[in-house]
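# Observations on the three-dimensional arrangement
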Amino acid sequence: MAGVVDDPIIRVRGLVTRFGTHTVHDGLDLDVRQGEIIGVVGGSGTGKSVLLRAIVGLLKPDAGQIEVFNQSVRDTSDAEYRDLRRRWGVMFQDGALFSSLTVRQNVEAPMREQLNLEQTLRETLAAIKVRMVGLPENALGKYPSELSGGMRKRAGFARAIALDPEIVFLDEPTAGLDPIGAAAFDILIRQLQAALGLTVFLVTHDLDSLYAICDRVAVLADKRVLAVGTLQDMLEVDHPWVQEYFHGPRARAAFTAPKAEN
């Protein structure tokens, strides 16, 4: 965990999230340290993606405090929130690209919204970001429908780092990829995290990703963060879901696999 700072860059306290009469989070607490890759896991319906959306301000929780960079995400002006948003990037499931825009235009979209740049500079920066995520130059002019699933995810990652953020939020980045493609994406995450000094908030169900690249893991269960710590710490947690998830045959296979290299 070289480069990790103990002071939290994200701080969540007493989070309550409801949809009608259904409570997803009830008193959830979580700290994310600067410079780490933290994997957020949990069973279906535990609110992993909901937590991500609440932290980035796309969903208003019913109660609780969320601070990013020591600033409240909930109690902030539009101008302050806009400034906060420039300091993080988000990659949603399957990349969530705009289907009517090319890859270049998708990557340029945050720049158009947040920065006052000349078109030629936007195009140059977009091309750099696309190369950083391992896409060929000819992908710039393609539309999402012309890309494979893995290429769409890489394009989504390029858009997430378009503004040189300090934090990236990745929602199930390896879902739907074959094992080789998923492993390659894990390596990409680790390499860019190290090269750019990123803090990575990773929502995943992929055991291989947890063991390959995550510094810590946060387990969502019983409407809260049940446990947070290293993978070794998770092996000691006495909870049925945690025991089944981290002690099963897939977990044992992932645990013996090599770590992703920087």
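Structure's up top.
My aim in this report is to walk through the structure given alongside it, one point at a time. None of these values were measured; they are calculated from a predicted model. (Residues numbered from 1 in each chain as written. Predicted model: local features only at pLDDT ≥ 70, side-chain atom pairs only at ≥ 80, totals over all residues. Heavy atoms only, no water.)

A few words on the pairing of strand β6 (residues 88-91). Along a regular strand, successive side chains alternate from one face of the sheet to the other. Alternating residues of β6 divide into W88 and V90 and G89 and M91, and every residue in both groups is buried. As paired strands, β6 and strand β7 (residues 167-171) are joined by 4 bridges and run parallel to one another. Bridging across to β7, V90 finds its partner in F169. (Buried < 20%, exposed > 50% of the residue type's maximum accessible area, 1.4 Å probe, protein only. Helix = DSSP H or I, 4+ residues; strand = E, 2+ residues; numbered from the N terminus. Pairing = 2+ DSSP bridges.)

Overall, the coordinates contain 6 aromatic pairs when judged by the stated rule. A centroid spacing of 5.4 Å and a plane angle of 50 degrees characterise the contact between F169 and F201, whose relative ring orientation is tilted. Within this pair, whereas F169 is found in strand β7, its partner F201 is found in strand β8 (residues 199-203), the two being separated by 32 residues in sequence. For F169, a relative accessible area of 0% puts it in the buried group. An aromatic cluster of three or more residues is present, and its members are Y81, W88, F169 and F201. A cation over a ring is seen here: R87 above F69, with NZ or CZ 3.7 Å from the ring centre. If you follow R159 out to its NZ or CZ, it ends over the ring of F98, 5.2 Å from the centre. (Phe/Tyr/Trp six-rings, centres within 6.5 Å; stacked < 30°, edge-to-face > 60°. Lys NZ or Arg CZ within 6 Å of the ring centre and 35° of its normal.)

This part is about the nonpolar core. Within the largest apolar cluster, 51 residues are counted, with the highest numbers of intra-cluster contacts made by F157, L210 and F246. Setting aside its immediate chain neighbours within four residues, L210 contacts G39, V41, T204, V217, L231, Y245 and F246. I10, F69, V90 and V203 belong to the second largest nonpolar core, which has 32 residues in total. (Core = buried A, V, L, I, M, F, W, Y, C linked by side-chain atoms within 4.5 Å. Contact = heavy atoms within 4.5 Å.)

Okay, the pairing of strand β3 (residues 37-42) next. Among the 6 residues of β3, 6 are classified as buried, and the element is accordingly described as predominantly covered. Side chains I37, G39 and V41 of β3 all project onto a buried face; the interleaved residues I38, V40 and G42 project onto the opposite face, where all are buried too. Pairing of β3 with β8, which is carried by 4 bridges, proceeds in the parallel orientation. Along β8, the bridge assignment pairs V40 with V203. Bridge count between β3 and strand β9 (residues 216-221): 5 bridges; the pairing is parallel. When the bridges of β9 are listed, V40 appears paired with A218.

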